[in-house]
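Architecture and fold: a report
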Amino acid sequence: EQKKQKENLASLAANMFTFKMRKSAPDSKQDLGNLKESDVVGYFGKPGSSEEETLDFSGSYVDKIRTVAYHYDGLTFNFVHYELKGKWSYGACNISVTGTKYGIKFGLNIGATKDKVISVLGDAEETKPDLLKYGSNKVDANFAFRFTNGKLETIDRAQKFSVSLE
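So, how was this worked out
Residues numbered from 1 in each chain as written. Predicted model: local features only at pLDDT ≥ 70, side-chain atom pairs only at ≥ 80, totals over all residues. Heavy atoms only, no water. Core = buried A, V, L, I, M, F, W, Y, C linked by side-chain atoms within 4.5 Å. Buried < 20%, exposed > 50% of the residue type's maximum accessible area, 1.4 Å probe, protein only. Helix = DSSP H or I, 4+ residues; strand = E, 2+ residues; numbered from the N terminus. Pairing = 2+ DSSP bridges. Axes fitted to C-alpha atoms, helices over the stretch in contact; angles between N-to-C directions. Contact = heavy atoms within 4.5 Å. Polar contact = N/O pair within 3.5 Å; in protein donor to acceptor, adjacent residues only side chain to side chain. pLDDT = per-residue confidence, 0-100. Salt bridge = Lys/Arg side-chain N within 4 Å of Asp/Glu carboxyl O.

The biggest cluster of nonpolar side chains holds 37 residues, and the ones touching the most others in it are Met16, Phe17, Phe77, Val97, Phe143 and Phe145. Of all elements in the fold, only helix 1 (2-14), strand 2 (64-72), strand 3 (75-84), strand 4 (87-97), helix 3 (114-121), strand 6 (131-134), strand 7 (141-148) and strand 8 (151-159) reach the threshold of two or more residues within this core. It is strand 7 that provides the largest number of residues to this core, a total of 4 residues.

Overall, antiparallel pairing links the 8 strands, which are arranged 1-2-3-4-8-7-6-5 in an open sheet. Both edges of this open sheet fall to strand 1 (49-56) and strand 5 (126-128), since each of them pairs with a single strand only. Strand-to-strand twist across the sheet, computed as the mean angle between neighbouring axes with direction ignored, equals 15 degrees. Against the sheet, helix 1 makes contact with strand 6, strand 7 and strand 8, and its axis sits at roughly 95 degrees relative to strand 7, the strand it touches most. Sheet strands in contact with helix 3 are strand 5, strand 6 and strand 7, and its direction is about 15 degrees off that of strand 6.

Another aspect to go through is the environment of Phe57. Secondary-structure assignment places Phe57 in the loop between strand 1 and strand 2. Since its relative accessible area comes to 33%, Phe57 is described here as partly exposed. Each C-alpha atom, one on Phe57 and one on Tyr82, is 9.9 Å from the other, the two residues being 25 residues apart in sequence.

This brings us to unusual backbone geometry. Unlike most non-glycine residues, Lys85 shows phi in positive territory, near 55 degrees. In this fold, Lys85 is placed in the loop between strand 3 and strand 4. A positive phi angle is found at Asn149, which is not glycine, with a value near 55 degrees. By the secondary structure assignment, Asn149 is in the loop between strand 7 and strand 8.

Moving on, we get to the side chain of Gln159. Along the chain, Gln159 falls in strand 8. Within the structure, Gln159 has its side chain in polar contact with the side chain of Arg157 (distance 2.8 Å).

A word on the confidence of the model for the chain. When pLDDT is low, close inspection of the predicted coordinates is not appropriate. Chain-level pLDDT for the chain is 86 on average; 88% of the residues reach the 70-or-more range. Confidence, expressed as mean pLDDT per element, reaches its minimum in the chain at strand 4 with 85 and its maximum at helix 3 with 96.

Here the focus is the pattern of salt bridges. All told, the structure shown has 6 salt bridges when counted by the stated rule. Where Asp73 meets Lys101, a salt bridge forms, and the shortest distance between an N and an O atom there is 3.7 Å. Here the residue Asp73 occupies a position in the loop between strand 2 and strand 3, and Lys101 occupies one in the loop between strand 4 and helix 3, the gap between them amounting to 28 residues. By relative accessible area, Lys101 is classed as exposed at 57%. A salt bridge links Asp156 to Arg146, with the shortest nitrogen-to-oxygen separation between them at 3.0 Å. Of this pair, Asp156 sits in strand 8 while Arg146 sits in strand 7, placing them 10 residues apart in sequence.

So, in structure tokens, the structure goes:
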């Protein structure tokens with residue numbers, strides 16, 4: 001049972017959706033860890049709204065960090081890029097789901113119960129009355145499942161990434 005729950009978490013980290021964002025790509029290329037802005041626009045079309053912010057960190061680990069957020073009805077993609085030594089690199093894509101129309105693997109859709117999440121993913125690393133947090137060194141993303149009145153209201157998927165110093 002625990003092994004299956006860990007496999008479920010790894011599968012969710014790779015691609016949490018029941019649909020394929022890259023329509024013509026094989027399953028092996030559906031990993032959300034490599035998701036780009038063009039993939040999102042290619043699948044969902046132009047976002048309802050978007051915003052971009054660049055922060056200057058000169059003299060620290062990286063020179064700049066740029067975030068780009070694409071907002072759709074009940075779904076937000078936050079892309080993180082970093083600049084090091086004058087070169088921009090892709091960092092990560094964080095995803096927040098609040099809408100019921102987006103299929104999530106294992107039936108962990110908005111409106112699911114806390115018990116459903118626990119039955120699929122096992123005990124959370126952090127548990128509060130309105131929150132379950134999952135993630136480990138073995139998966140590429142952390143998840144926060146937020147509940148209101150016992151029903152899943154928000155899923156936040158935070159991509160783990162590291163900066164290449166090459």
